[in-house]
Amino acid sequence: MYVFFFFFFKQKTAYEMLRSLVGSEMCIRDSNKGTQQSPYISHMSASPAAANAEAVSSIRKAAETFQALRKAYDAQDNDRVHQYLTQLKRLFIHFPTYLEPGNASSSPTAKEEVAIIRETLEHAALFCARTKNLDEFETYYLQLRSYYTDFNEVGAVPSVHKLLVMGLNLLRLLVCSRVAEFHAVLETIPAKDLGHMYIKFPIQLERHLMEGSYNKLLHARKLAPVNDFVPIVEMLEETVRSEVMACIPRSYGTLRVPEAQKLLMLNSPESMEEYATRQNWTKVPGATAGEEAYVFAENIPTAKREVAFKDVLLHNLQLAGDMQRVV
C-alpha cells in the first residue's frame, strides 16, 4: 500500500515566503508565461515521497518566519527580531542537515535548508553589528563559516551578504585589537574579493591604525561603504580614542583643554570633560576659561615617562641580528 503526499502552493505564497532564495526566476513571475513555479517550491514537490513530512513542514514555517524576521530587521524592531530568531532556531532543529551536516548530500531539501539557515544567520550577524553586540556577532559568524565553505555541493543560491558579513568581521577584529587574527582571516579571503568595497574598507582602516593615522580613523564613518559598518566604526573610534588617551599622559606634562579636545577630535567641551573624568585626569584652572589645562606630571613618575634608550638600542640590535640570520 502506497501513500502519496502532495503539496500545492500558490505562486504568490512562494514569492512572499522566501523571495531571496529563488534566484532571478522570480523577476519574471508576472510575465506572459503565467504561473511559473518557484524553484524553491518545485524542488520540494518534485519528490514528496522522499522528503520527511516534518522537515518539509518546518521548512515552510521557517521560510515564512524568515520573511517576518527580515521585515522586522528592516523596520529596526529589535524585540521582534529576537523573537523571530528564537523561533527559527527551534525550527532548524527539525532540519535533517542542521544537526547532522553529513546528511546534506542525501537530503532532498538540503538546498532549501542551507539557504534558509545561512540567510537567518547572516541577518542575525547584521543585527548584532547594528546593536554593537560583538560577542554575539562572533558566535553567528563562526556558524556561518561552515555554510560558506562546506555546503557548496548542495547547489544553494549564492549569498548576497557574504562579503558584507566578512568585512564586518574584519572590522570587529580591529575593534577588539586582534590584529594578528585580522591578518590570519584576511589570508583566507580569495584574491578576487580583496578589491571589493566591503573588504577594502577594513583593510584601509587597518593601514591607518598601523601608521598611527588616528585622525583618518576618527573620520572613518564618513567613508563607510554602507550604513551597516557605522556602528562598529563608532566602536573603533572609541578604541582609537582610548589608545590616544593612554598615550597623552606619557607625552605631555600639561595639556590645555582646547588642545586636548582637538587632539581627540571631540565635538564639545562637555564631551572632553566626560572623557577626562573617565580617565581621572586632573584639571587646573587658568586665568581664563581657555587657559584651563590637564596636568599629568604628578601622576606618572619621570622614570616611567622617559624612554629607556639603552634597552631600546639593545632590542633593535638584537632584532637586526635576527633579521640578518634569516636573510
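Chemist: Talk me through unusual backbone geometry; I want residue IDs and the actual numbers.
Modeler: Here the phi dihedral of Ser-177 falls at roughly 60 degrees; this positive angle occurs in a residue that is not glycine. By the secondary structure assignment, Ser-177 is in the loop between helix H8 (162-175) and helix H9 (179-187). Ser-177 gets classed as partly exposed once you look at its relative accessible area, which sits at 47%. Of note, the phi angle at Met-265 is positive, near 55 degrees, even though the residue is not glycine. Looking at the element boundaries, Met-265 is found in the loop between helix H13 (257-264) and helix H14 (269-278). Accessibility expressed as a relative area gives 26% for Met-265, which makes it partly exposed.

Chemist: Go over the nonpolar core, please, and point to the residues and values.
Modeler: Leu-171, Phe-229 and Met-272 are the most contacted members of the largest nonpolar core, which has 77 residues in total. Here Met-272 is in contact with Val-257, Ala-260, Gln-261, Leu-264, Leu-266, Trp-281 and Tyr-294, once residues within four sequence places are set aside.

Chemist: Outline helix H3 (residues 53-74), listing residues and values.
Modeler: Compared with the 32 Å implied by 1.5 Å per residue over 22 residues, the 32 Å span of H3 between its first and last C-alpha is a close match. Gln-76 lies just past H3 and shows a positive phi near 60 degrees.

Chemist: Lay out the confidence of the model for the chain with the relevant residues and their values.
Modeler: A residue-level look at the chain finds 76% of positions with pLDDT of 70 or above and a mean pLDDT of 78. The least confident element of the chain, judged by mean pLDDT, is helix H1 (residues 11-17) at 36; the most confident is H8 at 95. Considering only residues more than four positions removed or in separate chains, one finds that residues 1-51, a stretch of pLDDT under 50, has 65 contacts.

Chemist: Can you explain the packing of aromatic side chains? Please cite residues and give values.
Modeler: Summed over the entire model, instances satisfying the criterion amount to 6 aromatic pairs. Taken together, a centroid distance of 5.4 Å and an interplanar angle of 75 degrees make the contact between Phe-201 and Phe-229 edge-to-face. Here Phe-229 lies in the loop between helix H11 (214-217) and helix H12 (230-251) and Phe-201 lies in helix H10 (residues 197-211), a separation of 28 residues in the sequence. Taking the relative accessible area as the measure of exposure, Phe-201 reaches 9% and is therefore buried. Between Trp-281 and Phe-296, the aromatic rings sit 5.0 Å apart at their centres with planes inclined by 80 degrees, giving edge-to-face as the arrangement. Taken together, the residues span a long stretch of sequence, with Trp-281 in the loop between H14 and strand E2 (282-284) and Phe-296 in the loop between strand E3 (293-295) and helix H15 (302-305) at a distance of 15 residues. Through pairs of rings, three or more aromatic residues link up here, namely Tyr-198, Phe-201 and Phe-229. Across the ring face of Tyr-73, the terminal group of Arg-130 is positioned such that the distance to the ring centre comes to 4.0 Å. Above the face of the Tyr-275 ring, Arg-278 is positioned so that its terminal group lies 4.6 Å from the ring centre.

Chemist: Account for helix H7 (residues 134-149), with residues named and values stated.
Modeler: Helix length check: H7, at 16 residues, gives a terminal C-alpha distance of 23 Å against a target of 22 Å (1.5 Å per residue), a fit within 8%. Leu-134, Phe-137, Tyr-140, Tyr-141, Leu-144, Tyr-147 and Tyr-148 are the residues of H7 that are buried. Those residues of H7 that are buried lie in contact with helix H4 (78-92), helix H5 (96-99), helix H6 (110-130), H8, H9 and H12.

Chemist: Mind laying out a nonpolar patch on the surface, listing which residues take part and the relevant values?
Modeler: On the surface, Phe-309, Leu-313, Leu-314 and Leu-317 cluster together into a nonpolar patch covering about 440 Å² of accessible area. Take Leu-317: it is sitting in helix H16 (residues 309-326). Among the residues examined, Leu-317 registers a relative accessible area of 54% and is labelled exposed.

Chemist: Requested: an account of the sheet that holds strand E1 (residues 254-256), with residues and values cited.
Modeler: Strand order in the open sheet formed by 3 strands is E1-E3-E2, and the pairing between neighbours is antiparallel. The two strands at the open ends of the sheet, each matched to only one other strand, are E1 and E2. Taking the axes of each pair of neighbouring strands and ignoring which way they run, one obtains an average angle of 35 degrees across the sheet. In the sheet, E1 pairs with E3 via 3 bridges, with the strands oriented antiparallel. Along E3, the bridge assignment pairs Arg-256 with Ala-293. Sheet strands in contact with H13 are E1, E2 and E3, and its direction is about 85 degrees off that of E1.

Chemist: Requested: an account of the environment of Tyr-147, with residues and values cited.
Modeler: Looking at the element boundaries, Tyr-147 is found in helix H7. Overall, Tyr-147 belongs to the buried group, its relative accessible area being 10%. For the pair Tyr-147 and Arg-118, spaced 29 residues apart in sequence, the C-alpha to C-alpha distance is 6.3 Å. Once residues within four sequence positions are removed from consideration, Tyr-147 is found in contact with Tyr-98, Val-114, Ile-117, Arg-118 and Leu-121.

Chemist: Lay out the environment of Arg-70 in plain terms, naming residues and giving numbers.
Modeler: Mapping Arg-70 onto the fold places it in helix H3. At 3.0 Å, the side chain of Arg-70 and the side chain of Gln-67 are in polar contact.

Reading the values: rules and limits
- Residue numbers here run from 1 along each chain, matching the order of that chain's written sequence.
- Local features in this predicted model are restricted to residues of pLDDT 70 or higher, and side-chain atom pairs are both shown and tallied only at a pLDDT of 80 or more, whereas totals for entire chains, interfaces and linings draw on every residue.
- Note that water and hydrogens are dropped before the side-chain values are worked out from all heavy atoms of the structure.
- Per the convention used, a helix needs a DSSP run of H or I reaching at least four residues, while a strand needs a run of E reaching at least two, with both numbered from the N terminus.
- Three exposure classes are used, based on accessible area relative to the maximum for each residue type with a 1.4 Å probe and protein chains only: buried under 20%, partly exposed in between, and exposed over 50%.
- Working definition of a nonpolar core: buried Ala, Val, Leu, Ile, Met, Phe, Trp, Tyr and Cys residues. They are joined through side-chain atoms within 4.5 Å.
- Working rule for contacts: check all heavy atoms of both residues, and any pair within 4.5 Å makes them a contact.
- Residue count minus one, scaled by 1.5 Å, sets the expected span of a helix.
- Per-residue confidence from the prediction method is given by pLDDT, with values spanning 0 to 100.
- Between the rings of Phe, Tyr and Trp (Trp by its six-membered ring), a pair exists once the centres lie within 6.5 Å; its type follows the angle of the planes, with under 30 degrees stacked, over 60 edge-to-face, and the other angles tilted.
- The criterion for a charge sitting over a ring is simple: Lys NZ or Arg CZ within 6 Å of the ring centre, and within 35 degrees of the ring normal.
- Within this analysis, patches are made of residues with over 30% relative accessible area and no salt bridge. Like charges are joined at 9 Å or less; nonpolar side chains (Val, Leu, Ile, Met, Phe, Trp, Tyr) at 5 Å or less.
- Every accessible area reported is derived by Shrake-Rupley at a probe size of 1.4 Å, with residue values counting cover from the shown protein chains alone.
- Salt bridge criterion: a side-chain nitrogen from Lys or Arg within 4 Å of a carboxyl oxygen from Asp or Glu.
- Paired strands, in this sense, are two strands between which DSSP finds at least two bridges.
- The convention used is that axes are lines fitted to C-alpha atoms, helices contributing only their stretch in contact, and that angles between N-to-C directions extend from 0 to 180 degrees.
- Definition of a polar contact: a pair of N or O atoms within 3.5 Å, with one able to donate and the other able to accept a hydrogen when the atoms are protein atoms, and with sequence-neighbouring residues admitted only if both atoms are side-chain atoms.

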